[in-house]
Amino acid sequence: MPAEFSDLSRLERVKYYTANLFLRTLIGGFKLVPYPQRVSAMGWLVARVMAPLAGFDRRVRDNLRLTCPNLTEAEVRHLCRAVPNNAGRSLIELYSGQAFVDHAKAADVRGPGLSALHEAREAGRPVILMTGHFGNYDAARAKLISMGFEMGALYRRMANPYFHEHYVKTISGIGTPMFEQGRRGMIEMVRHLKQGGIIAIVGDLHVQEGVELNFFGQPAITSTVPAELALKQDAALIPVYAIRKPDGLNFEIVMHEPIAHSDPVTMTQEINNGLETLVREHMDQWFWIHRRWKAA
């Protein structure tokens, strides 16, 4: 977990403050540009300038070397630019308020998970929507909220406390309640589920307390907590993803078949399998920058 603000040294506070000031200034400047050009320009800046400086290219290459060794050098080079481009677009979209929400609301929704979501709501049954760092996952949340599916969301505290404050405020603008990962947030989230609520969880990060499962043919430590919650609360567990369309601005929401209740490991592995299939179809839309595998 990120350190508490009071535990940070003066040097760390200065570093985080400076980084946050740079990002806030950058975001503020880009918000003066019309939405389509803003999203495109931020994608270009992150891909062409920030990613090489931050070492993202190396991380993407390491992950691809581990999981997709048959990719050509040309394909790897393309992903080194396309992956951070999507990340940059996603960042500025979140800070674009209603303009982003309008694009999300215009998205089509397909897949058997949508009818399952309707059925759960009619029955007063809680729902856990599982997603990953793919496309722009908040587009799916914004779309479903616009359809009347009010939902909470679990989020992870940012290491930079200055950035964290306005980031949470920004994502809360899409919908509330928001539950911070940790003991208190878990208690609040369980209470929400017990009342028949819907929550959204991003579940494709390495977590220290997780279980070693398979993802892209490699051991990947994965949290089974969402599946455990689904079993304990008799909640429908539905994977949902927002696929960025070729125009770079709009989305298609895909909702997979609900995960059948069995045991937490089997259920979580099924989520991993579904995400892997989707990523293989859209390699440039998953966040290959994360340290998903210990060996990478």
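Computed from a predicted model, the values in this text were never measured in an experiment.

Across the 9 residues that make up strand β8 (residues 236-244), a large majority, 9, are buried. In β8, alternate side chains face the same way, and those of Ala236, Ile238, Val240, Ala242 and Arg244 on one face and Leu237, Pro239, Tyr241 and Ile243 on the other are all buried. Examined bridge by bridge, strand β2 (residues 127-131) and β8 share 4 bridges and lie parallel to one another. By the bridge assignment, Ile128 is partnered in β8 with Leu237. Sheet analysis places β8 next to strand β9 (residues 251-255), joined by 5 bridges and oriented antiparallel. Within the sheet, the bridge partner assigned to Arg244 lies in β9 and is Phe251. Connecting β8 to the next strand, β9, in antiparallel fashion are 6 residues, including Gly248 with a positive phi near 80°.

To continue, consider the sheet that holds β8. Here we have 7 strands laid out as an open sheet, ordered β1-β9-β8-β2-β5-β3-β4, and mixed in their pairing. Looking along the sheet, the strands with just one partner apiece sit at the ends: β1 (108-110) and β4 (178-180). Recorded for the sheet is a direction-independent mean angle of 25° between the axes of neighbouring strands. The sheet contact formed by β1 and β9 spans 3 bridges and is parallel. When the bridges of β9 are listed, Arg110 appears paired with Val254. Lying on the sheet, helix α10 (residues 225-233) is in contact with β2, β5 (198-202) and β8; it crosses β2 at an angle near 165°.

Definitions and limits used
- Residues numbered from 1 in each chain as written.
- Predicted model: local features only at pLDDT ≥ 70, side-chain atom pairs only at ≥ 80, totals over all residues.
- Heavy atoms only, no water.
- Buried < 20%, exposed > 50% of the residue type's maximum accessible area, 1.4 Å probe, protein only.
- Helix = DSSP H or I, 4+ residues; strand = E, 2+ residues; numbered from the N terminus.
- Pairing = 2+ DSSP bridges.
- Axes fitted to C-alpha atoms, helices over the stretch in contact; angles between N-to-C directions.
- Contact = heavy atoms within 4.5 Å.

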